[in-house]
Amino acid sequence: MANGERITVQNGALNVPNNPIIPFIEGDGTGPDIWAAASRVLEAAVEKAYNGEKQIVWKEILAGEKAYNQTGEWLPSETLDTIREYIIAIKGPLTTPVGGGIRSLNVALRQELDLFTCLRPVRYFQGVPSPLKHPEKTDMVIFRENTEDIYAGIEYAEGTDEVKKVIDFLRNEMGVNKIRFPETSGIGIKPISKEGTSRLVRAAIQYAINEGRKNVTLVHKGNIMKFTEGAFKNWGYEVAEKEFGDKVFTWKEYDRIAEKDGKDAANDAQSKAEQEGKLIVKDAIADNFLQQILTRPEEYDVVATMNLNGDYISDALAAQVGGIGIAPGANINYETGHAIFEATHGTAPKYAGMDKVNPSSVILSGVLMLEHLNWHEAADLVMKSMEKTIASKVVTYDFARLMDGAKEVKCSGFADELIKNM
Ligand SMILES: NC(=O)C1=CN([C@@H]2O[C@H](COP(=O)(O)OP(=O)(O)OC[C@H]3O[C@@H](n4cnc5c(N)ncnc54)[C@H](OP(=O)(O)O)[C@@H]3O)[C@@H](O)[C@H]2O)C=CC1
Ligand SMILES: O=C(O)CCC(=O)C(=O)O
Ligand SMILES: [Mg+2]
């Protein structure tokens, strides 16, 4: 058993042996503390669910500071090759310096492996401290596009020959006269494509239909960025109508009916579609969306958006249900089956090595991974134990500081408690 076997993909479906080899990246900062806790919990759940018939065989792969110290490279090509070969991996957070230095390794992993969806489910666990009166009304799944947008890293620093070339090109050849301070600007470029949008929105709609969700919202700032974010909205509606036909009712259709027959007719058509169980595909401008997720969270279900919006929305929604200590995620290519599971949060460097932070985000990312492997019994054991442990008020510092009568435990202590409560 200890040697393990490879997960394979056949006809688009995962073929998971009883002893899959799963590569892991420990992560920087608080990563080692969290990974030690999370891996123990996942192992215990698998052992308890399958009495030793199934077992994950972990295989460490290097990225970030540990990789640099051992190999002189931040993201060795062997790491990428191993994930390509073993299909599924899980990782802790990796540090990215601000304003210079290496570009994000987290983003590089997603781009190199073309993991085009960043899936981030956001739900409430009873008893978790939240700034909202009714945090249980927040139950959304974010589909964040993972390979495009300003995360492509096409940026030119102020004062360089490159930026001068780009600015000269814009001014002299494109007739641009609106760069306010051309001598001292840096420039960033935001590519958004029809292919990139279509595969992301297709995955979000398919997920919503499979999971019996009520609506998908395309979140964009298309009023200002017409040919990137506005195009995302248009292409998203196109995918919904062309590929999902009768299964969906879109706000584009609503507008067509309203224009032809008036708003009452459009409202009737939407109500009828809802009664028939059709998925409603709608859109929201990002700033309005960010206020409505606080004031009317029950109106939103699956969210499809671009990379930067998705990054902001992920942390904002996580805060609504108790913070990024409990916000899981997965980076998935639904076409090849490749996936890397990882938390929404970063390395939280001020707590590094203190055995202090909440390991739940990586643990719940592991739950997403177990579900992805169809190991639902083990996933359920972790979920039930998480609910029970939080309800008993045995929690890490982040929850303890906001809860009355809580018992604060360390990162490792929270893992012990989860295993005890399984
Ligand atoms: N996917 C990835 O690997 C990501 C990596 N990063 C990188 O991480 C580094 C630090 O980023 P930063 O912006 O500080 O964001 P972080 O998410 O690392 O931390 C911000 C704050 O969130 C809280 N927090 C984070 N993790 C936990 C946890 N496990 N349990 C409880 N609370 C937690 C802490 O809040 P408090 O102070 O209130 O206790 C912490 O100070 C940067 O280099 C960044 O680029 C960032 C995001 C994702
Ligand atoms: O890569 C990073 O450092 C930050 C990434 C991030 O914030 C995210 O994926 O949510
Ligand atoms: Mg983020």
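Just so you know, these numbers come straight off a predicted model, no measurement behind them.

Quick notes on the site of ligand 1
Phase 1: If you check the shell around ligand 1, you find 24 residues, and the closest are Gly346, Ala348, Lys350, Tyr351 and Tyr397.
Phase 2: A distance of 2.7 Å separates an oxygen atom of ligand 1 from a polar atom in the backbone of glycine 346.
Phase 3: Within the side chain of tyrosine 351, one N or O atom sits 2.6 Å away from an oxygen atom of ligand 1.
Phase 4: Considered on its own, ligand 1 offers 870 Å² of accessible surface; in the complex 71% of this is hidden by protein.
Phase 5: Grouping the amino acids of the shell around ligand 1 by side-chain chemistry returns 9 nonpolar, 9 polar and 6 charged.

Side note on the pattern of salt bridges
Phase 1: Under the counting rule described, the total for this entry stands at 26 salt bridges.
Phase 2: Linking glutamate 342 and arginine 110 is a salt bridge whose minimum nitrogen-to-oxygen distance equals 2.6 Å. With glutamate 342 in strand S15 (residues 339-342) and arginine 110 in helix H4 (residues 105-112), this pair connects stretches of sequence that are 232 residues apart. Here glutamate 342 and arginine 110 have matching classes, each one buried.
Phase 3: A salt bridge links glutamate 276 to lysine 272; the shortest N-O distance between them is 3.1 Å.
Phase 4: Take glutamate 276: its relative accessible area is 44%, and that puts it in the partly exposed class.
Phase 5: Each member of the salt-bridge network shares a partner with another, and the members are Glu26, Glu60 and Lys66.

Overview of the environment of alanine 157
Phase 1: Mapping alanine 157 onto the fold places it in the loop between strand S8 (155-156) and helix H5 (161-173).
Phase 2: Classification of alanine 157 as partly exposed rests on a relative accessible area of 46%.
Phase 3: It is 9.4 Å that separates the C-alpha atoms of alanine 157 and threonine 184, two residues lying 27 residues apart in sequence.
Phase 4: Sequence-distant contacts of alanine 157, that is, excluding residues within four places in its chain, are made with Val163 and Gly186.

So, the packing of helix H1 (residues 31-50) against helix H15 (residues 411-420)
A pair of packed helices is captured by two measures, namely the crossing angle of their axes and the spacing between those axes.
Phase 1: Axis separation between H1 and H15 bottoms out at 9 Å; the angle between their running directions is 5 degrees. Classed by the angle they form, the pair H1 and H15 counts as roughly parallel. In this structure, H1 contributes Asp33, Ile34, Ala37, Arg40, Val41 and Ala44 to the contact, and H15 contributes Cys411, Ser412, Ala415, Asp416, Leu418 and Ile419.
Phase 2: Of the residues assigned to the contact of H1 with H15, the class counts are 8 nonpolar, 1 polar and 3 charged.

Some remarks on empty space enclosed by the protein
Phase 1: Evaluation of the coordinates by the stated rule reveals 1 cavity of 30 Å³ or more.
Phase 2: The calculated volume of the largest cavity comes to roughly 40 Å³.
Phase 3: Here the residues of the lining of the largest cavity sort into 7 nonpolar, 1 polar and 1 charged.

Points about the pairing of strand S3 (residues 21-25)
Phase 1: Taking burial as the measure, the 5 residues of S3 include 5 buried ones, the bulk of the element.
Phase 2: Side chains Ile21, Pro23 and Ile25 of S3 all project onto a buried face; the interleaved residues Ile22 and Phe24 project onto the opposite face, where all are buried too.
Phase 3: Examined bridge by bridge, S3 and strand S4 (residues 57-60) share 4 bridges and lie parallel to one another. Its bridge partner lying in S4, phenylalanine 24 is registered against glutamate 60.
Phase 4: The handedness of the S3 to S4 crossover, carried by H1, is right-handed.

Thoughts on the side chain of serine 361
Phase 1: Tracing the sequence through the fold places serine 361 in helix H12 (residues 360-372).
Phase 2: Polar contacts involving the side chain of serine 361 include one to the main-chain amide nitrogen of isoleucine 326, which spans 3.1 Å.
Phase 3: In contact with serine 361, not counting residues within four places along its chain, are Ile324, Gly325, Ile326, Ala327, Pro328, Ala343 and His345.

Calculation criteria
- Residues numbered from 1 in each chain as written.
- Chains lettered and ligands numbered in written order.
- Predicted model: local features only at pLDDT ≥ 70, side-chain atom pairs only at ≥ 80, totals over all residues.
- Heavy atoms only, no water.
- Near = heavy atom within 4 Å.
- Polar contact = N/O pair within 3.5 Å; in protein donor to acceptor, adjacent residues only side chain to side chain.
- Areas by Shrake-Rupley, 256 points an atom, 1.4 Å probe, with all protein chains shown as cover.
- Nonpolar A, V, L, I, M, F, W, Y, C, P; charged D, E, K, R; others polar.
- Salt bridge = Lys/Arg side-chain N within 4 Å of Asp/Glu carboxyl O.
- Helix = DSSP H or I, 4+ residues; strand = E, 2+ residues; numbered from the N terminus.
- Buried < 20%, exposed > 50% of the residue type's maximum accessible area, 1.4 Å probe, protein only.
- Contact = heavy atoms within 4.5 Å.
- Axes fitted to C-alpha atoms, helices over the stretch in contact; angles between N-to-C directions.
- Parallel < 35°, antiparallel > 145°, perpendicular 65-115°, else oblique.
- 1 Å grid on protein atoms, 1.4 Å probe; cavity = no way out; pocket = protein on both sides within 12 Å on 5 of 7 lines; lining within 4 Å.
- Points joined across faces, edges and corners; volume = space filled by probe spheres on them.
- Pairing = 2+ DSSP bridges.
- Right-handed = clockwise from strand over helix to strand, strands pointing away.

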